[in-house]
Amino acid sequence: MKKSLQVNQPQSPGSSSDGTDQVHDQCIVPTKVITIADSFEKREHSWSITSQIPTDLSIQVQEITFNVHKYPMMSKCGYIGRLELQPSISNFGYELKLENFPGGSETFEIILKFCYGLPVDLNPNNIAPLRCASEFLEMTEELEDGNLITKTEAFLTFVVLSSWKDTITVLKSCEALSPWAENLQIVRRCCDSLAWKASKEKSSIGDVVHEEGWWFDDVAILRIDHFRRIITAIRAKGTKPEIIGKCIMHYAERWLPGMDMEIEGVRGYGHGKNEFHFSIYSEKEEGGIGGIAHSKEQKTIIEGLVSMLPPQQEAVSCKFLLQMLKMAMVYSATPALISELEKRVGMMLEDANVNDLLIPSYKNVDQGKLTNSPEQCTMHDIDVVQRIVEYFLMHEQKQQQQKSGKYNISKLLDNYLAEIARDPNLSITKFQVLAESLPENARTCDDGLYRAIDTFLKTNPSLSEHERRRLCKIMNNEKLSLDACMHAAQNDRLPLRTIVQVLLLEQIKMRAAMQEKENGNTSEQEGNQSSTNMEIKTLKADLENIKMKMAELQSDYSELQQEYGKLSNKPKNVSGWTFSWRKIKNSFHAKLDGDETGDRQQRPNSVGCRGSFKRRLSIS
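Residues numbered from 1 in each chain as written. Predicted model: local features only at pLDDT ≥ 70, side-chain atom pairs only at ≥ 80, totals over all residues. Heavy atoms only, no water.

By the naming in an unreviewed UniProt entry, the chain is NPH3 domain-containing protein, taken from Fagus sylvatica. In its Pathway (unreviewed entry) section, the UniProt entry covering the chain states "Protein modification; protein ubiquitination." (UniProt positions renumbered as here; feature names shortened; annotations may be inferred.)

If you want it as structure tokens, here you go:
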């Protein structure tokens, strides 16, 4: 129910009950004007009183001119009484212009009714403007008992502050009353009252987290500076960090609509990211001053919310921090704030997912153009993720976490690498640096890293053999699973040396897997274990033999190059030698391809697997 108070004014000194005019201190008190409420005349830009006594004072507030009598105003407004009023040029009387009047013309109209002794309705919507306006006009008790300052202060203290809803209404109205509402302690008292009620309700309900958010919607409508005052007061009363964090996240959802926008990898390449860029920039350009003001407001909200975040990790989620990081980069927040968000994300990186880490590159938004050239812009901001990973490793070193944490991060990083590898503008150096940012023992399996490398090779088919080898050096072939080895052995995008190494490992792992399967079907585990060890030793011996043969092949190849260099000076034999060399080279590659086909057909046979190894690399 709406609370209001009707203020009835006592009869002014020097007036009689029959409504006749009497002289008091050489001033005429227009009692007929006081008692007649229908004598107010409103027009578009003026407000007048019609009575038998002509008005002698014109007061301009904003765009409206109020034609009133001087005595009722001077008797209750100390500010007007001590001014040296200037005679009016247009009519007989005086004129006054009130600049920056709190509450504007609507509030001044209510004050005029109060000065003329008419009933005034006090309610939560007008109490703050009336309190500030009465202070502006110096309507104190020294002039008259029960003046407006006393009445508004009593209503504010005993009626408004006892109600949660009315306090929210008054605090919302204070947003247009700066600095009067701050100087009169209206904002502070409202914030303290709200914080006390929220804390009291928390203790009466219990410590259940989801039952303590009943006040989130109400405080989320407030301006960021008032919201910060409330959060500070609530935190000082011992509210748990999880509650503070949830309230901050709720506020961000209301005031930062771009937080929920997802950039799903390169499926939106060239569209989603740039459209978001364009929407932010066009908001600044097309909106003119209003658009720039809105961007500044968004930036102020972001910086304010980050400054309010509790230091505890459990206060907010890692997803929310990454969303705030994206918004901070969009609206060009300070580097210190962005660095703070990166550090906080690094401390909680284990809880992140790949889509949250896909941070678009916003480098060209502030420059007023969208750059699509590969030399100037990549789809994702890799440097930010690189710094986040570094912060995580620094935090991990301090906390001395176990290996399981590293494994979770390695999976997350490998999945992230697989996503950004689809960007054709990503350089091999950035990919390599980010992939090597984790320690060597952080990955127990390199299947995810192999998938990322393969994706990068597929996106960049024009890489040279040297660049392919450089990329594959990141990966430890011994940490590949059997399925990954089988895929890599048939992957023509990999360099030849990597394929040969993977083939050898594939055979070893396949033989071990087959032996392990046989061990599962028999009860004689000890004998099978020794047999498996013998087979592994045999395969290792075969591997050494193959390496020796490869060394011989390289030696023969060097000798052939030397002979070719000697014969290159003989013009007559050049064509014959070239034909012979091509024949040897084609025969060698044909032998390799034929043996690989035969090896895939004979792979289920363990003995054939070992024989295919020897045939695949033979030169005879």
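K.L.:
I'd love a proper account of the overall build of the chain, names of residues and values included.
P.N.:
When you go through the chain residue by residue, the secondary structure sums to 27 helices and 10 strands. Looking at the chain as a whole, 45% of its 620 residues are labelled buried. Relative to all contacts within the chain whose residues are 6 or more apart in sequence, the contacts with residues 24 or more apart total 69%. Here the chain displays about 32600 Å² of accessible surface, and carbon together with sulfur accounts for 51% of that area. (Helix = DSSP H or I, 4+ residues; strand = E, 2+ residues; numbered from the N terminus. Buried < 20%, exposed > 50% of the residue type's maximum accessible area, 1.4 Å probe, protein only. Contact = heavy atoms within 4.5 Å. Areas by Shrake-Rupley, 256 points an atom, 1.4 Å probe, with all protein chains shown as cover.)

K.L.:
Talk me through the side chain of Ser134; I want residue IDs and the actual numbers.
P.N.:
Take Ser134: it is sitting in helix 5 (residues 127–136). On the basis of relative accessibility, which here comes to 0%, the residue Ser134 falls in the buried class. Leave out the neighbours within four places in its chain, and Ser134 touches Ile111, Met139, Leu148, Ile149 and Thr152.

K.L.:
Please give an account of the pairing of strand 7 (residues 64–68) that cites residues and values.
P.N.:
Looking at chain direction, strand 6 (residues 57–61) and strand 7 are connected through five bridges and run antiparallel. Bridging from a neighbouring strand, Ser58 pairs with Asn67 of strand 7. (Pairing = 2+ DSSP bridges.)

K.L.:
A description of a negative patch on the surface should follow, citing residues and the corresponding values.
P.N.:
Together, Glu552, Asp556, Glu559 and Glu563 make up a region of like negative charge exposed at the surface. Here Asp556 shows up in helix 25 (residues 525–567). When its relative accessible area of 33% is taken as the criterion, Asp556 is described as partly exposed. (Patch = residues over 30% accessible without salt bridge, like charges linked within 9 Å, V, L, I, M, F, W, Y side chains within 5 Å. Salt bridge = Lys/Arg side-chain N within 4 Å of Asp/Glu carboxyl O. Lys, Arg positive; Asp, Glu negative; His and termini not counted. Charge placed at Lys NZ, Arg CZ, Asp CG, Glu CD.)

K.L.:
Can you tell me about helix 23 (residues 482–489), naming the residues and giving the values?
P.N.:
Turning to helix 23, its buried residues are Ala484, Cys485, Ala488 and Ala489. The buried residues of helix 23 occupy an angular sector of 135 degrees when projected down its axis, which confines them to one face. (Arc of directions from axis to C-beta.)

K.L.:
An account of the packing of helix 21 (residues 447–459) against helix 22 (residues 465–472) is requested, with residue identities and associated values reported.
P.N.:
Two numbers describe a pair of packed helices, the interaxial angle and the distance between the axes. Closest axis-to-axis distance for the helix 21/helix 22 pair is 10 Å, and the angle between their directions is 160 degrees. As far as their axial angle goes, helix 22 and helix 21 are roughly antiparallel. Judged by the sense of rotation from one axis to the other, the crossing of helix 21 with helix 22 is right-handed. Note on element contacts: helix 22 touches helix 21 through Arg468, Leu471 and Cys472, opposite Ile453, Phe456 and Leu457. Looking at the contact of helix 21 with helix 22, its residues break down into five nonpolar, no polar and one charged. (Axes fitted to C-alpha atoms, helices over the stretch in contact; angles between N-to-C directions. Parallel < 35°, antiparallel > 145°, perpendicular 65-115°, else oblique. Left-handed = near helix turned anticlockwise from the far one by under 90°. Nonpolar A, V, L, I, M, F, W, Y, C, P; charged D, E, K, R; others polar.)

K.L.:
Run through the side chain of Asn67, naming residues and quoting values.
P.N.:
Within the secondary structure, Asn67 sits in strand 7. Of note is the side chain of Asn67, whose polar atom sits 3.0 Å from the side chain of Ser58. (Polar contact = N/O pair within 3.5 Å; in protein donor to acceptor, adjacent residues only side chain to side chain.)

K.L.:
Give me the lowdown on unusual backbone geometry, citing residues and values where you can.
P.N.:
A negative phi angle characterises most non-glycine residues, just as the trans form characterises most peptide bonds. Backbone torsion omega between Ser178 and Pro179 reads 0 degrees, so that peptide bond is classified as cis. Mapped onto the fold, Pro179 is located in the loop between helix 7 (164–173) and helix 8 (180–183). In this structure, Asn100 is a non-glycine residue whose phi angle is positive, near 55 degrees. With respect to the helices and strands, the residue Asn100 is situated in the loop between strand 9 (94–98) and helix 4 (104–115). With a phi angle near 65 degrees, Gln185 is a residue other than glycine that sits in the positive phi range. Here Gln185 is to be found in the loop between helix 8 and helix 9 (186–205).

K.L.:
Pulling in residues and values, what's your account of the pairing of strand 6?
P.N.:
Burial analysis of strand 6 places four of its five residues in the buried class, which makes it a mostly covered element. In this structure, the hairpin formed by strand 6 and strand 7 is closed by a connection of two residues, where Gln62 is found at a positive phi of approximately 60 degrees. Bridge analysis of strand 6 against strand 9 gives five bridges, and the strand direction is parallel. In the sheet register, Ile59 faces strand 9, and the bridge partner there is Leu96.

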